[in-house]
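Observations on the three-dimensional arrangement
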Amino acid sequence: MKIKTILAAGAMTVAAVAAHNAQAGAVLDGIKAKGFVQCGVNTGLPGVAAANAEGKWEGQDVDFCRGLAAAILGDSNKVQYTPLTAAARFTALQSGEIDVLARNTTATLTRDAKLGLTFLGINYYDGQGFLVPTALGVSSATELDGATVCVEPGTTTELNLADYFRAKGMSFEPVVIENINETTAAFFAGRCDVYTTDASGLASIRNTMAPNPDDYMILPEIISKEPLGPLVAQGDDQLADIGRWVLNAMIEAEELGVTMANVDDMKANSTNPGVQRLLGVSPGMGEALGLDEAWAYNIIKQVGNYGESYDATIKKMLGLERGLNALWTDGGLMYAWPVR
Amino acid sequence: MSKPHHAPGDVRSKSLTDYLNDENVRAVLYQVVAIGLIILTSWYLVSNTLDNLEQQNISTGYSFLDLEASFEISESMIDYSAKSTYATALLVGLLNTIKVAFLGIILCTIIGIIFGVARLSSNWIVRKLATVYVETFRNIPVLLQLFFWYALIPNSFPHPRDALEPLPGVLLTSRGLYLPVPIADTAYTLMGIAAILALVAIYFVKKWAKKRQDATGEPFPMTAAGFGIFFGLVFIAYLLGGAPTEIDMPTLKGFNIRGGYNISPEFLALLIGLTVYTSTYVAEVVRSGIQAVPNGQWEAADSLGIKRSVALRKVILPQSMRVAIPPLTNQYLNLTKNSSLAVAVGYPDLVSVSNTTMNQTGQAIEAISIFMLIYLGLSLLTSLFMNWFNKKMALVER
């Protein structure tokens, strides 16, 4: 009797563990089966991803998650958000806790090659800057020798910071706190002279969290390249393809002048073959991705094109102009791969 | 393991069922099966994990430890810069953990004993104050207390430019406490050696004094002599070393105060938080230890005309220690483990550095395995020491 019990228990343990085995291609099937996209986002960075007063998530990264849900499930509201700290984000994606990570994450070689992750593209070109109190009397980052710097752990920011000061032969003292809210609180309490992160993040912190935004200024130096984009775990290439083309479709729509307001009209009346392909009037694109032909129509109808999303989030909430993120035709870097 | 036994005169040859029904055979069989299952399960878990990691193209192994860390750490007891390796970074974290745990254990013991004794005071106000202290800080989660202390320190002290100077050279700012320190000199090495020599000398004098008191009954003023030997020797070493007087004073330079010794708000918040929280438990351990000593011991001391304060120190506390040491060990282990909450207030302890390492290299399993092993090691070492101490203090029964 006893032996049987022990054996049964052992067999059950083994079976339970086996069930957790990752299966290639399973993430997309999982999304379809449960009926929503589990999306990892920032814990709260207005403009990028933050819950508003009604508890609804808003921001540019949130728009990507909504676009993905619109493309796969036809409804941009079928998203569940998992707020993640910078330090926890990759583990959450690797372990399958989330389907996709859209958390202002810088694409780097190590992350792409060593962590078992795939970057889908870039939805925001950023660079690292410095936020200081105006009372500090500093006008350039080169004057920061000996400063105390608040920084979030587990970010490329932390590494760029050390690189920059090393290259300039300056010293600094880092204050590294896991939660972004604790870090900003420490900065506004005067624990640090400087707060450093991506320029969009600095604008967000200055405009939405500072007791008085005018007491703080962003220094002119941008010390790094920070191409930010969403990513998925390796092993589900179909999901990666879909994610990549959600980004491209939003940019392509802006290039073609398709907006949330005129998408129905364009679908019915446009004679432009590019528009017809994008909106599924001439079929084939949706099928190639294993989606409904209305995939891009759904994204644009429910979320908008890249420019509309940018204006409603980054520009409206942070007051940042397009800059590098303008379309290539306007001198920016946003350039959609051809939808054909 | 002993041979199966059977009644004498049993000549029947044994079948398999007989063996399986033999108590001794069964005992061995159960253990073999249990161990086999454990090995099988762990093998399965490990190989499954490795398979999955490989399938997801996540690199594994500990070779990342030799790579350049390229992040800075705010406070370190050894030489560290962004050029150092991940292994050095983890060592910095470990030393920071040991620093805060060591100081925390000493401070919480002292404060805990004071409040534990105060809870039994005959003075109503003292007794109630101690009760309020214990009940307040014991019943608030330690993480919240850490947030509280960390919010308090930077917010309640001024910017380095308008630093408070309660004593000459001692600066209180939102960046922590700055203390003046003597500039390094061989005299201080000599003083350190003298201090160790003095401790050895005190040990032997004490032994001699005890022997003499046992033999002749003549007491020896050990406390005064001890202080004399210690400070005398250290002072002589200071004079021999040339009596250096140069002091490194903390002064405002640029944005920050440079020079002197800095105690950061992160360290302070963590140390205060852990000490206050754990000291309440230590106080309860001490109180219960004292109450476990039979009242007769107090009465016996009274009848010999011993003062209450002396009776507490010489009669009651030594006996209560026997009851108190095992639960004290638990509290020390808790403090060490709770120090991993440092990450919440930005103190670069082992977990905080491991987190950063894990995130920069993506080697989550490896980094976690390293700090789990280290915590296990630290806890086992603490236990070993306390068990040894317990044995030493235990009643020697004749």
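Residues numbered from 1 in each chain as written. Chains lettered and ligands numbered in written order. Predicted model: local features only at pLDDT ≥ 70, side-chain atom pairs only at ≥ 80, totals over all residues. Heavy atoms only, no water.

**What to know about the overall build of chain A**
Where we set the bar: Helix and strand assignments come from DSSP, with helices taken as H or I runs of at least 4 residues and strands as E runs of at least 2, each series counted from the N terminus. For the radius of gyration, the atom set is restricted to C-alpha positions; the globular benchmark scales as 2.2 Å times the number of residues to the power 0.38. Buried residues are those whose accessible area, probed at 1.4 Å on protein chains only, stays under 20% of the maximum for their type, while exposed residues exceed 50% and partly exposed ones sit between those limits. Areas reported here follow the Shrake-Rupley algorithm with a probe of radius 1.4 Å; residue values treat only the protein chains shown as occluding. Charge assignment in this entry is limited to Lys and Arg as positive and Asp and Glu as negative, and neither His nor the chain termini are counted. The atoms used to mark charge sites are NZ of Lys, CZ of Arg, CG of Asp and CD of Glu.
Scanning chain A from N- to C-terminus turns up 14 helices and 13 strands. In terms of overall dimensions, chain A is globule-like: its C-alpha atoms have a radius of gyration of 22 Å, near the 20 Å expected for 340 residues. Taking all 340 residues of chain A together, the buried fraction comes to 56%. Of the roughly 13,400 Å² of accessible surface on chain A, a fraction of 54% belongs to carbon and sulfur atoms. Averaged over its 24 positive side-chain charges, chain A has a centre that lies 6 Å from the centre of its 39 negative ones.

**As for a nonpolar patch on the surface**
All names here are of chain B. Counted only if it meets this: Within the patch definition used here, like charges are joined within 9 Å and nonpolar side chains (Val, Leu, Ile, Met, Phe, Trp, Tyr) within 5 Å, considering only residues with over 30% relative accessible area and no salt bridge. Only one rule defines a salt bridge in this text: a Lys or Arg side-chain nitrogen within 4 Å of an Asp or Glu carboxyl oxygen.
A contiguous nonpolar patch, built from Ile98, Phe102, Leu103, Ile106, Leu107, Ile110 and Ile114 and spanning about 610 Å² of accessible area, is present on the exposed surface. Tracing the backbone through its elements, the reader meets isoleucine 110 in helix H3 (residues 86–118). On the accessibility criterion, isoleucine 110 (47% relative accessible area) is partly exposed.

**Focus on the UniProt feature "domain: Solute-binding protein family 3/N-terminal" (unreviewed entry) in chain A**
How we decide: UniProt positions are given in the numbering used here, feature names are shortened, and annotations may be inferred rather than shown by experiment.
The positions UniProt marks with the feature "domain: Solute-binding protein family 3/N-terminal" (unreviewed entry) are residues 36–266 of chain A. Segment residues 36–266 of chain A splits into 35% helix and 26% strand. End C-alpha atoms: 29 Å apart.

**Focus: the interface of chain B and chain A**
To be explicit about the condition: The contact rule is simple, with two residues in contact once any of their heavy atoms fall within 4.5 Å. Defined in terms of a 1.4 Å probe, buried area is the accessible area two parts forfeit on being brought together, summed over both. Distance and chemistry together define a polar contact, namely a pair of N or O atoms within 3.5 Å, with one atom able to donate a hydrogen and the other to accept it when in protein, and with adjacent residues in sequence counting only for side-chain atoms on both sides.
At the junction of the two partners, chain B supplies 46 residues and chain A supplies 52 residues. Roughly 4,300 Å² is buried in total at the junction of chain B and chain A, and carbon and sulfur atoms are behind 53% of that figure. Our enumeration of links across chain B and chain A arrives at three salt bridges. One salt bridge connects B:Arg175 with A:Asp193, and the closest N-O pair in it is separated by 2.6 Å. Our count for the chain B to chain A interface comes out at 10 residue pairs in polar contact (both at pLDDT 80 or more). Counting only elements with at least two residues in the side of chain B that touches chain A, the list comes to helix H2 (23–55), helix H5 (142–156), strand S7 (256–258), helix H8 (265–292) and helix H11 (350–361) of chain B. No other element matches the eight residues that H2(B) contributes to the side of chain B that touches chain A.

**As for the side chain of B:Arg119**
When you line up the elements, B:Arg119 lands in the loop between H3 and helix H4 (124–138). Beyond its immediate chain neighbours, meaning those up to four positions away, B:Arg119 contacts B:Arg127, B:Ala130, B:Thr131, B:Val134, B:Glu135, B:Glu284 and B:Arg287.

**Things to note about the packing of helix H9 (residues 295–303) of chain B against helix H10 (residues 308–338) of chain B**
Residue and element names in this part refer to chain B. Formally: Axes here refer to lines fitted to C-alpha atoms; in helices the fit is confined to the stretch in contact. Angles between the N-to-C directions go from 0 to 180 degrees. Crossings are classed by handedness, with left-handed meaning an anticlockwise turn of the near helix from the far one by less than a right angle and right-handed meaning a clockwise turn. Residues are grouped as follows: Ala, Val, Leu, Ile, Met, Phe, Trp, Tyr, Cys and Pro are nonpolar; Asp, Glu, Lys and Arg are charged; every other residue, Gly included, is polar.
The geometry of H9 relative to H10 is characterised by a closest axis approach of 10 Å and an angle of 140 degrees between their N-to-C directions. For H9 against H10, the interelement crossing comes out right-handed. The residues of H10 that touch H9, namely those facing Gln297, Trp298, Ala301 and Asp302, are Arg308, Ala311, Leu312, Val315, Ile316 and Gln319. Each residue belonging to the contact of H9 with H10 can be placed in one class, and the counts come to six nonpolar, two polar and two charged.

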